[in-house]
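Close look at the chain arrangement
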Amino acid sequence: MSAETIFALASAAGRAGIAVVRVSGDGTRDALARLGCPLPPPRKAVRAKFTDPASGEILDDGLLLWFPAPHSFTGEDVAELHIHGGRAVTDSMLAALGAAGLRPAEAGEFTRRAFFHDKMDLTQAEALADLVDAETRVQQKQALRQMGGALKEIYDDWRHRLLQALAHLEAVIDFPDEDLPPDVANKVWAEVDDLQQAIVVHLGDARGEHIREGLMVAIIGPPNAGKSSLLNALARREAAIVSPIPGTTRDVIEVHLNLGGYAVTLADTAGLREGGDAIESEGIARAKRRAADADLKIALFDGAVYPARETATMGMIDDDTLVAINKADLLSPPRDREGGIHVISAKTGFGMDAFVAALLQHIRSKADTGAAMPLTRIRHRKALEECSNALIRARAAALAELASEDLRLAARALGRLTGRIDVEDVLDVVFRDFCIGK
Ligand SMILES: Nc1nc2c(ncn2[C@@H]2O[C@H](COP(=O)(O)OP(=O)(O)OP(=O)(O)O)[C@@H](O)[C@H]2O)c(=O)[nH]1
Ligand SMILES: [Mg+2]
């Protein structure tokens, strides 16, 4: 499909010890010859002097790797040129490849070719992007598992089972008088119910998205409780303005943290109270919206004021809220816990270790996937919802013909998820499983 041979700098742009240029396509062999490089043995790094085809000048002395099709990342002929990562070296090398008739790759084009050559499915291609974007250890781990096919296996298995059920249903429709086992239809529906149940459970699990996108944690509380001070303490920098004036914070202030390997977006919000000027009211409205959207909340109170008859914050405390009393240093005698409530000081650091440990435990309960491989993107969610809805419709259909159409749509949704959209293998399954009329 890809007549054009493409090339790109695979390593980051800018000055570096080594840069890697990747070439893929039928013209790779020719391009290497033009650069004066004999073809190395497959998959072995060899020393190479890259020469400019136009001037015959040596551009660099580096390493060359040759991956003949189909055993390469893209499934095409691929070469990797490991050169020195200087501006002039990389620029001249890319220019030489362009002059040799190769085309600069578009974003994601190598991976797209890998997908087209069946080197990976769509979930694996997505995982590759996630791995490159991973900022925390847990994100890295999840991306690697998905890249290894953990999601693909689940979806391929579901699709396979669904096609099987569909094939059996179609057998019942097409060959009603034949010698089919008596309970084929019942088995089909038992399988559909089973699948539907598995998909619902899978859809109910947001941990994979939490890991990939990071958890949103909102700090809420009355004015002056020390919310901005807590944000700064957790971020270890003065991200938000702190002042003794109640109503200092108006906008939502976000910092991105790596808490125990989990990506977290921590949001400081305006203190919740009645009244205030128009700007503060808008800030409070934003605080409430953010709290509603958050995966976890930290409700923070001033030790001297708590438990006053405060309702704005108290009313927002739920199972996903960690409650803490701040300014422990002003309390006498000092306490570190009141019931399940943490007593901390954002200023002195008192009680902060235990508080952060509790926060991390909460985060884990939202994001730790254990052995499960949850979906990781909205695209997966959409396709699975579509699949699930089609299964529900199939179950409710009055006619087997209509049900089979819905099963077909459900299979198609799963096929789209992995990038495999043909459903014509149904017939093969029919004739393999039943000896119809013969
Ligand atoms: N003694 C003491 N003072 C603190 C502590 N934490 C914060 N403060 C002080 O409390 C005041 C309010 O702190 P902020 O962090 O601005 O409080 P806030 O909750 O963000 O306030 P608003 O943005 O107005 O809602 C400041 O003067 C802080 O220095 C603490 O642990 N101990
Ligand atoms: Mg503040």
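The coordinates are above.
In this convention, every chain numbers its residues from 1, walking through the sequence in written order. Each chain is given a letter, starting from A, and each ligand a number, starting from 1, according to the order in which they appear as written. Selection of residues for local features in this predicted model requires a pLDDT of at least 70, selection of side-chain atom pairs for listing and counting requires 80 or more, and totals for whole chains, interfaces and linings are taken over all residues. Water and hydrogen atoms were dropped before computing side-chain values, which therefore reflect all heavy atoms in the structure.

Examining the coordination of the magnesium ion (ligand 2)
Atoms of type N, O and S within 2.8 Å of a metal are treated as its donors, and for Na, K and Ca the window is 3.2 Å; water is not considered, so some sites may appear to be missing partners. Protein coordination at the magnesium ion (ligand 2): the donors are Ser228 (OG) and Thr249 (OG1), at 2.0 to 2.1 Å from the metal. Placement of the pair is Ser228 in helix α9 (residues 227-235) and Thr249 in the loop between α9 and β8 (253-259), with a sequence separation of 21 residues. For every residue, the accessible area obtained with a 1.4 Å probe (protein chains only) is divided by the maximum for its type, and the residue is called buried under 20%, exposed over 50%, and partly exposed between those limits. Classification of Ser228 by relative accessible area gives buried; the value is 9%. Taking the relative accessible area as the measure of exposure, Thr249 reaches 11% and is therefore buried. Secondary structure elements follow DSSP: runs of H or I of four or more residues count as helices, runs of E of two or more count as strands, with numbering from the N terminus.

Thoughts on the environment of Gly148
Its place among the elements puts Gly148 in the loop between α5 (137-147) and α6 (150-174). Once the C-alpha coordinates of Gly148 and Gly275 are considered, the two residues, 127 residues apart in sequence, prove to be 55 Å apart. Apart from the residues within four sequence positions on either side, Gly148 is in contact with Gln124 and Glu153. Two residues form a contact once any of their heavy atoms are found within 4.5 Å.

Observations regarding the packing of aromatic side chains
Note on aromatic contacts: the rings of Phe and Tyr and the six-membered ring of Trp form a pair at centre separations within 6.5 Å, being stacked when their planes are under 30 degrees apart, edge-to-face when over 60 apart, and tilted otherwise. A complete count under the given rule lists two aromatic pairs for this structure. On the numbers, 5.6 Å between centres and 55 degrees between planes, the contact of Phe115 with Phe116 is tilted. Overall, the relative accessible area of 51% leaves Phe116 in the exposed class. Taking the centre distance of 5.8 Å and the plane angle of 50 degrees together, the rings of Tyr155 and Trp158 count as tilted. You can see Tyr155 and its partner Trp158 sitting in helix α6, three residues apart, about one turn around the helix. Taking the relative accessible area as the measure of exposure, Trp158 reaches 7% and is therefore buried. Any Lys NZ or Arg CZ that is within 6 Å of a ring centre and within 35 degrees of that ring's normal is treated as a charge sitting over the ring. Directly above the ring of Phe110 sits Arg22, whose terminal nitrogen or CZ lies 5.0 Å from the centroid.

Concerning the pattern of salt bridges
Just to be clear on terms, a salt bridge is a Lys or Arg side-chain nitrogen sitting within 4 Å of an Asp or Glu carboxyl oxygen. Considering all chains together, one arrives at 32 salt bridges under this definition. Among the salt bridges present, the one from Arg212 reaches Asp130, with a minimum N-O distance of 3.1 Å. Separated by 82 residues along the polypeptide, Arg212 in helix α8 (residues 207-213) and Asp130 in helix α4 (residues 122-133) bring together distant segments of the chain. A relative accessible area of 9% places Asp130 in the buried class. For Arg207, the salt bridge goes to Asp205, with nearest N and O atoms at 2.7 Å. Accessibility expressed as a relative area gives 23% for Arg207, which makes it partly exposed. A single network of salt bridges, built from pairs that share partners, joins Glu4, Glu76, Arg103, Glu106, Glu109, Arg112 and Arg113.

Structural notes on the site of ligand 1
Close to ligand 1 lie 23 residues; Lys227, Ser229, Gly247, Asp329 and Ser345 are nearest. Counted as a polar contact is a pair of N or O atoms within 3.5 Å, where, for protein atoms, one must be capable of donating a hydrogen and the other of accepting one, and residues adjacent in sequence contribute only when both atoms are in side chains. Measuring from an oxygen atom of ligand 1, one finds a backbone N or O atom of Pro244 at 3.5 Å. Take Thr249: an N or O atom from its side chain is 2.8 Å from an oxygen atom of ligand 1. Computed with the Shrake-Rupley method and a 1.4 Å probe, the accessible areas treat only the protein chains shown as cover for residues. Burial of ligand 1 by the surrounding chains reaches 92%, relative to a free accessible area of 650 Å². In this structure the site holding ligand 1 corresponds to the second largest pocket. The element that contributes the greatest number of residues to the shell around ligand 1 is α9, accounting for three residues. Three classes are used, and their members are as follows: Ala, Val, Leu, Ile, Met, Phe, Trp, Tyr, Cys and Pro are nonpolar, Asp, Glu, Lys and Arg are charged, and the others, Gly among them, are polar. Of the residues assigned to the shell around ligand 1, the class counts are eight nonpolar, eleven polar and four charged. One heavy atom suffices: a residue is near a molecule or strand as soon as one of its heavy atoms comes within 4 Å of it. For each structure, a 1 Å grid was placed over the protein atoms alone; sets of points admitting a 1.4 Å probe that cannot get out are labelled cavities, open sets with protein on both sides within 12 Å along at least five of seven lines are labelled pockets, and lining residues have an atom within 4 Å of a point. Each molecule is checked against the cavity or pocket grid, and it sits inside if more than half of its atoms lie within 2 Å of the grid points.

As for the pairing of strand β1 (residues 6-9)
By this definition, two strands are paired if DSSP reports at least two bridges between them. Note: β1 against strand β2 (residues 16-24), four bridges, orientation antiparallel. What sits directly across from Leu9, in β2, is Val21. Between the end of β1 and the start of β2, which pair antiparallel, lie six residues, with Gly14 showing a positive phi angle near 110 degrees. Strand direction decides the pairing type here: β1 and strand β6 (residues 103-104), joined by two bridges, are parallel. Bridge pairing links Phe7 to Pro104 in β6.

Thoughts on the layout of surface pockets
Grid points are joined across faces, edges and corners, and a volume is the space filled by probe spheres set on the points. Empty space within the largest pocket amounts to approximately 480 Å³. Considering the residues around the largest pocket, the lining is formed by 19 residues, among which Ala107, Gly108, Glu109, Thr111 and Leu128 are closest to the centre. Elements with a contribution of two residues or more to the lining of the largest pocket: β1, α3 (109-116) and α4. Here the lining of the largest pocket gets six residues from one element, more than from any other, and that element is α4. Of the residues in the lining of the largest pocket, the class split is eleven nonpolar, two polar and six charged. Taken together, 25 residues make up the lining of the second largest pocket; nearest its centre are Asn224, Gly226, Ser229, Val242 and Lys327. Sorting elements by how many residues they give to the lining of the second largest pocket places α9 first, with three residues. Grouping the amino acids of the lining of the second largest pocket by side-chain chemistry returns nine nonpolar, twelve polar and four charged.

Re the side chain of Asp302
Assignment of secondary structure puts Asp302 in strand β10 (residues 296-302). A distance of 2.9 Å separates the side chain of Asp302 from the backbone nitrogen of Ala304, its partner in a polar contact. Engagement of the side chain of Asp302 in a polar contact is seen with the side chain of Lys327, the distance being 3.2 Å. Discounting chain neighbours no more than four positions away, the residues touching Asp302 are Asn224, Ala225, Ile325, Asn326 and Lys327.

Examining unusual backbone geometry
The step from Ala69 to Pro70 runs through a cis peptide bond, and the omega angle for that step is 0 degrees. Inspection of the secondary structure puts Pro70 in the loop between β4 (58-67) and β5 (78-85). For Arg43, which is not glycine, the phi torsion reads 55 degrees and is therefore positive. The topology assignment puts Arg43 in the loop between α1 (28-34) and β3 (46-51). Positive phi outside glycine occurs at Arg236, with the angle close to 60 degrees. Checked against the element boundaries, Arg236 lands in the loop between α9 and β8.

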